[in-house]
Amino acid sequence: MSDHIAGAVLVLNAGSSSLKYQLVHPDTEFVVAEGIAERIGDDGGSITHEHAGEKTTETLELPDHLAAIGRVRQLFASGGIDLASAGLSAVGHRVVHGGRTFYHPTLIDDQVIGEISRISSLAPLHNPANLTGIEAARDMLPDVPSVAVFDTAFFHGLPEAAATYAIDRGVAEEHAIRRYGFHGTSHQYVSEQVPPLLGKQPSEVHQIVLHLGNGASASAIAGGHPIDTSMGMTPLEGLVMGTRSGDIDPGVVLHLHRVVQLDADQIDALLNKNSGLKGLCGDNDFRSVTERIERGDVPAKLAYDVYIHRLRRYIGAYMIDLGRVDAITFTAGVGENAAGVRADALAGLQNYGIVVDPDRNAERSATARRISTDDSAVAVLVVPTNEELAIARQAAEVVGKRL
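Residues numbered from 1 in each chain as written. Predicted model: local features only at pLDDT ≥ 70, side-chain atom pairs only at ≥ 80, totals over all residues. Heavy atoms only, no water.

**Some details on the environment of Ala6**
Then, in step 1: Its location among the elements puts Ala6 in the loop between helix H1 (2–5) and strand E1 (9–14).
Then, in step 2: Note on Ala6: relative accessible area 39%, which makes it partly exposed.
Then, in step 3: In this structure the C-alpha to C-alpha distance between Ala6 and Leu122, which are 116 residues apart in sequence, comes to 37 Å.
Then, in step 4: For Ala6, the residues in contact, after removing those within four places along its chain, are His25, Ala86 and Gly87. (Helix = DSSP H or I, 4+ residues; strand = E, 2+ residues; numbered from the N terminus. Buried < 20%, exposed > 50% of the residue type's maximum accessible area, 1.4 Å probe, protein only. Contact = heavy atoms within 4.5 Å.)

Below, the structure is given as structure tokens:
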């Protein structure tokens with residue numbers, strides 16, 4: 001069994017109360033096993049593990065990420081895989097915020113951990129959880145190199161006009177306030193799949209990528225290089241999301257504090273956890289929202305309309321940013337599965353060379369595909385994202401350079 005695993009990368013994505021994992025061969029794309037631990041540190045924890053075509057779910061108490069990784073290791077062992085001796089090439093960790101320091105996949109050592117911790121104020125909901133996963137993995141697998149792959153890295157080279165906020169320059173520089181962008185691993189992976197689908201070189205393609213999941217973001221990419229993205233200093237800015245507001249007048253925040261007398265933590269919770277679709281209609285599951293609309297639910301319909309309105313506004317802005325558009329690509333949970341969202345986001349844009357084929361759009365498939373008509377000047381695509389594979393490849397590349 002170890003020979004079959006040798007060279008694989010264990011990818012860990014630690015959230016505040018969850019741990020997604022995948023053991024994958026970066027070259028062949030073969031997934032040996034994968035799963036998710038949920039409700040870590042809370043009652044009713046669970047782990048869903050899939051290996052060799054069998055999926056199991058168990059309920060158990062998971063007091064912390066170290067306990068979760070320990071149980072994951074046991075689940076691998078029960079399937080004949082000893083992670084410590086199987087010859088893994090690396091452990092790849094998703095880290096949400098790299099600040100101004102990290103914009104390449106980085107081999108993790110104590111100094112790197114200290115710097116990730118230092119910049120955690122830029123992503124207080126994410127980086128501490130990522131660090132917990134890193135420390136747990138290093139403790140459990142001390143002989144396997146760990147590599148951090150940063151969500152912000154792909155957008156590090158944004159043009160200054162796109163990355164700069166119009167606030168006091170000194171304040172911005174002192175406190176590292178700028179647009180960083182997020183979902184970069186997904187945007188990079190998906191955008192790299194598009195040129196071959198069009199029969200073009202990356203340098204020839206101007207494209208818009210729409211990563212639409214519970215978190216959502218858009219990017220404008222010219223010749224393989226991002227020139228704009230919707231998320232900003234934090235993942236709160238931009239599109240309407242499952243529980244996040246996206247763009248909002250900063251004066252609303254001041255009003256909530258001065259008049260409504262909410263403190264910073266309350267405003268943070270409101271905008272990050274109780275806004276977006278959930279705030280508008282009480283539901284952030286897109287399938288449920290769609291079902292409610294079909295039953296004539298007015299709040300659900302308004303939530304959907306606001307979501308689409310914001311999405312179309314970004315598509316229009318990025319069409320101007322790019323000057324010309326060769327492809328518009330949908331990805332992530334909503335982008336890959338919600339045909340109605342894709343159709344409504346691009347409805348009535350025939351004069352701009354964007355024509356969605358209703359039959360192609362309605363077809364469900366797990367493969368990359370074109371959903372625009374043959375004569376549409378702009379190709380409209382659905383490309384499944386694979387952040388785990390992207391992280392595995394980047395981690396393997398970093399480790400390979402050490403050898």
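**Some points on the sheet that holds strand E8 (residues 146–150)**
Then, in step 1: The sheet built from 8 strands is open, its strands ordered E5-E4-E3-E2-E1-E6-E8-E7 with mixed pairing. This sheet does not close on itself; its edge strands, each paired only once, are strand E5 (54–59) and strand E7 (106–107).
Then, in step 2: Across the sheet, helix H2 (residues 65–78) touches E1, strand E2 (18–24), strand E3 (31–38), strand E4 (46–51) and E5, and the angle it forms with E2 is around 35 degrees. (Pairing = 2+ DSSP bridges. Axes fitted to C-alpha atoms, helices over the stretch in contact; angles between N-to-C directions.)

**Some thoughts on the UniProt feature "site: Transition state stabilizer" (unreviewed entry) in the chain**
Then, in step 1: As recorded in UniProt, the sites labelled "site: Transition state stabilizer" (unreviewed entry) are His183 and Arg244.
Then, in step 2: With respect to the helices and strands, the residue His183 is situated in the loop between helix H6 (169–174) and helix H7 (184–198).
Then, in step 3: On the accessibility criterion, His183 (9% relative accessible area) is buried.
Then, in step 4: Here Arg244 lies in the loop between strand E11 (225–229) and helix H8 (250–258).
Then, in step 5: Its relative accessible area of 16% is what places Arg244 among the buried residues.
Then, in step 6: Excluding residues within four positions of it along the chain, Arg244 makes contact with Gly215, Met231, Pro235, Leu236, Leu271, Asn272, Ser275 and Gly276. (UniProt positions renumbered as here; feature names shortened; annotations may be inferred.)

**Concerning the UniProt feature "active site" (unreviewed entry) in the chain**
Then, in step 1: The residues that UniProt annotates with the feature "active site" (unreviewed entry) are Asp151.
Then, in step 2: Residue placement: Asp151 occurs in the loop between E8 and helix H5 (160–163).
Then, in step 3: The exposure class assigned to Asp151 is buried, which follows from its relative accessible area of 1%.
Then, in step 4: Apart from residues no more than four positions distant in its own chain, Asp151 is found in contact with Arg94, Val95, Val96, Gly181, Phe182, His183, Gly184 and Thr185.

**Description of the pattern of salt bridges**
Then, in step 1: A full pass over the atoms with the stated rule returns 18 salt bridges.
Then, in step 2: The residue Arg393 makes a salt bridge to Glu29 at a minimum N-O spacing of 2.8 Å. Of this pair, Arg393 sits in helix H16 (residues 387–402) while Glu29 sits in the loop between E2 and E3; the two residues are 364 residues apart in sequence, bridging distant segments of the chain.
Then, in step 3: Under the relative-accessibility criterion, Arg393 is labelled partly exposed at 33%.
Then, in step 4: Residue class for Glu29 comes out partly exposed when judged on its relative accessible area of 44%.
Then, in step 5: We note a salt bridge from Asp305 to Lys301, for which the minimum N-O separation is 2.9 Å. Here Asp305 and its partner Lys301 are both found in helix H12 (residues 298–322), 4 residues apart, which amounts to about one turn of the helix.
Then, in step 6: Assessed through its relative accessible area of 34%, Asp305 is described here as partly exposed.
Then, in step 7: Judged by its relative accessible area of 37%, Lys301 falls in the partly exposed class.
Then, in step 8: Several salt bridges converge on common partners, so that one network encompasses Lys200, Arg324 and Asp326. (Salt bridge = Lys/Arg side-chain N within 4 Å of Asp/Glu carboxyl O.)

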